[in-house]
Amino acid sequence: MSIDTATAARVAKLARIRVDDDALPALAEEFGAILGFIEQLQEVDVEGVEPMVSVTPMRLPRRADEVTSGGMADTILSNAPDAREGFFAVPKVVE
Amino acid sequence: MTELTGMTIASARDALRKGEVTSAELTEACLTAIDGADALGAVVHKTPEIARERAAAADARLKAGDAPDLCGIPLGIKDLFCTEGVPAQAASRILEGFTPPYESTVTRQLREAGAVMLGKLNMDEFAMGSSNETSVYGDAVNPWRRGNDAAKLTPGGSSGGSAAAVAADLCLGATGTDTGGSIRQPAAFTGITGLKPTYGRCSRWGIIAFASSLDQAGPMAKDVRDCAIMLNAMAGHDPMDSTSAELAVPDFEAALTGDIKGKTIGIPREYRMDGMPEEIEALWAEGRKMLEDAGAKVVDISLPHTKYALPTYYVIAPAEASSNLARYDGVRYGRRAQLAQGDGVVEMYEKTRAEGFGAEVQRRVMVGTYVLSAGFYDAYYNRARKVRTLIKKDFEDAFADGVDAILTPATPSAAFGLGEMQSADPVQMYLNDVFTVTVNLAGLPGISVPAGQDRNGLPLGLQLIGRPWEEGDLLNTAYALERAAGFVSKPEKWW
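Residues numbered from 1 in each chain as written. Chains lettered and ligands numbered in written order. Predicted model: local features only at pLDDT ≥ 70, side-chain atom pairs only at ≥ 80, totals over all residues.

Participant: I'd like a description of the interface of chain A and chain B, backed by residues and values.
Facilitator: The interface of chain A with chain B comprises 35 residues on the first partner and 56 residues on the second. Taken together, the elements giving at least two residues each to the side of chain A that touches chain B come down to α1 (5-14) and α2 (24-38) of chain A. When grouped by side-chain class, the residues that make up the side of chain A that touches chain B number 25 nonpolar, five polar and five charged. (Contact = placed C-beta atoms within 7 Å. Helix = DSSP H or I, 4+ residues; strand = E, 2+ residues; numbered from the N terminus. Nonpolar A, V, L, I, M, F, W, Y, C, P; charged D, E, K, R; others polar.)

Given below as structure tokens:
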């Protein structure tokens, strides 16, 4: 299976990972090898087979819709690369 | 010193209760061993203050006669577990500086049982790898060598630091996590015992996520009994993890009778791979004989979709990883890239993730992004989930036919040299998981037991796969295998 550099660039963009243009051919080749390996799945007869949702047959539990935790903004912000006045800070997004 | 750090958890527990040794002494011996083992690269964040404090508290509990099994036992914790106030990086640059203000459920349970945390252990970045070579901390090194050859070998991955630390007697036991074989393969490479419990047995809360439908924490220890003791403390329902099972936790240690008479052990013919080394084949045959001699009935079985397990895994795991790892964007925790004048939020994401993630993590995030992208979702992701259903059904059919456990090799080879796989394409490295990955896809418990050595003296492991939720029965079969194999070799200290 071959992947072109345009596809590799598109995937990198979707994954929000910067990849330099000169690194794209090698990346495309690696994708090709991995996708080639995955390609074997096409030969399996999956007609009528349900896609697995949960590996153990279980119903996702529900709990009462009430606040169980919170009020710890400082603790949460303590690991932020940039936090100001009780908020996470990021580069300007709106002009 | 060696005598103390070389103890099993069970023998240390008994000695602590009899007052023959204190947790402070045991802990000090481990801390000294750790300081002398930097060459192994196993311990990446040492926590001696925490260790001494917990040891003192454990000694007080022991004195008061209120001592659970793990009270005072020094353990290592894989870097994937969040522990309060101690850096947790998942061996990634992107989590540099992250200090969780909370404790994972598994480590909290260990802590409440009185266990002593010695430090955080090396691993592959985000648990993605089979050789511990993708770690931002550098390689963990296997304490075993090929005879007198000084070439450094991998302890396996991703729980490579845990395996090296236990094998080198730096701690009495360690936590690991297993998404495709990350407990069992390193255990096999280092001559220790590692158990991946049934999916849902141990809470995933507070463990940095890789592939949520496959990840499961488990014990890595010096023998089967120690794994059982650790699992007793690690397991249990947790409302904080919606996939954790609301099931009672039996006493796994009590299940160890060594009596497997009348049990049926399946040998799956599809696990006989082309090009499998003779030594692995011979070990597998020996294991079969050992279980037969112990009174089990051994039958040949078929798990017809085995061949498709790895490609299924390499769709599902990257897909889930690409989603789980989307949170690392340089906003809430960890490292943010240096930005240039005029860079906006998208540049921040892209630069942060490019410099924060290593090559293998980037590769898997992008493969996951690709298989989930519009136009490919059905062809790859949905198809893989259907094949996963078939893989699980293979096991269900075998169990329905009366099979109690399945015996396979743990790995396709003994430990390989660090750097040896560097030039190979990524798929070659993925083949390490060929015998273990099916177990994660089917959500089953699996254990690796050291059972022999190759011609260079390196340890080799056999894997037993059990029925869901029957870790007790699985551990007992493993116990019988362990007793028959009589593996007692230790690596010669060179570090």
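Participant: Lay out helix α13 (residues 377-400) of chain B in plain terms, naming residues and giving numbers.
Facilitator: Count 3.6 residues to each turn of an α-helix, and residues three or four apart come out pointing the same way. Residue and element names in this part refer to chain B. An ideal rise of 1.5 Å per residue puts 34 Å on 24 residues; α13 measures up with 33 Å between its terminal C-alpha atoms. Taken as a whole, α13 carries its principal kink of about 25° at R383. Phi turns positive one or two residues past the end of α13, at G402, with a value near 100°. (Expected span 1.5 Å × (residues − 1). Bend = angle between axes of the 7 residues up to and from the residue.)

Participant: With reference to specific residues and values, describe the packing of α2 of chain A against helix α10 (residues 309-324) of chain B.
Facilitator: Contact geometry of α2 of chain A with α10 of chain B gives a least axis separation of 8 Å together with a crossing angle of 125°. By the angle class used here, α2 of chain A and α10 of chain B are oblique. Facing α2 of chain A, whose interface residues are I34, F37 and I38 of chain A, α10 of chain B presents P311, Y314 and V315 of chain B. Of the residues in the contact of α2 of chain A with α10 of chain B, the class split is six nonpolar, no polar and no charged. (Axes fitted to C-alpha atoms, helices over the stretch in contact; angles between N-to-C directions. Parallel < 35°, antiparallel > 145°, perpendicular 65-115°, else oblique.)

Participant: Lay out the sheet that holds strand β5 (residues 193-196) of chain B in plain terms, naming residues and giving numbers.
Facilitator: Residue and element names in this part refer to chain B. Pairing within the open sheet is mixed, and its eleven strands lie in the order β1-β3-β2-β4-β6-β5-β10-β11-β9-β7-β8. In this open sheet, the two strands that pair with only one neighbour each are β1 (43-46) and β8 (297-301). When strand polarity is set aside, the average angle formed by the axes of neighbouring strands in this sheet is 30°. Those strands touched by helix α16 (residues 471-485) are β9 (405-409), β10 (446-453) and β11 (459-466), and its axis lies near 5° from that of β10. (Pairing = 2+ DSSP bridges.)

Treat this as a map of the structure, not an account of what it does.
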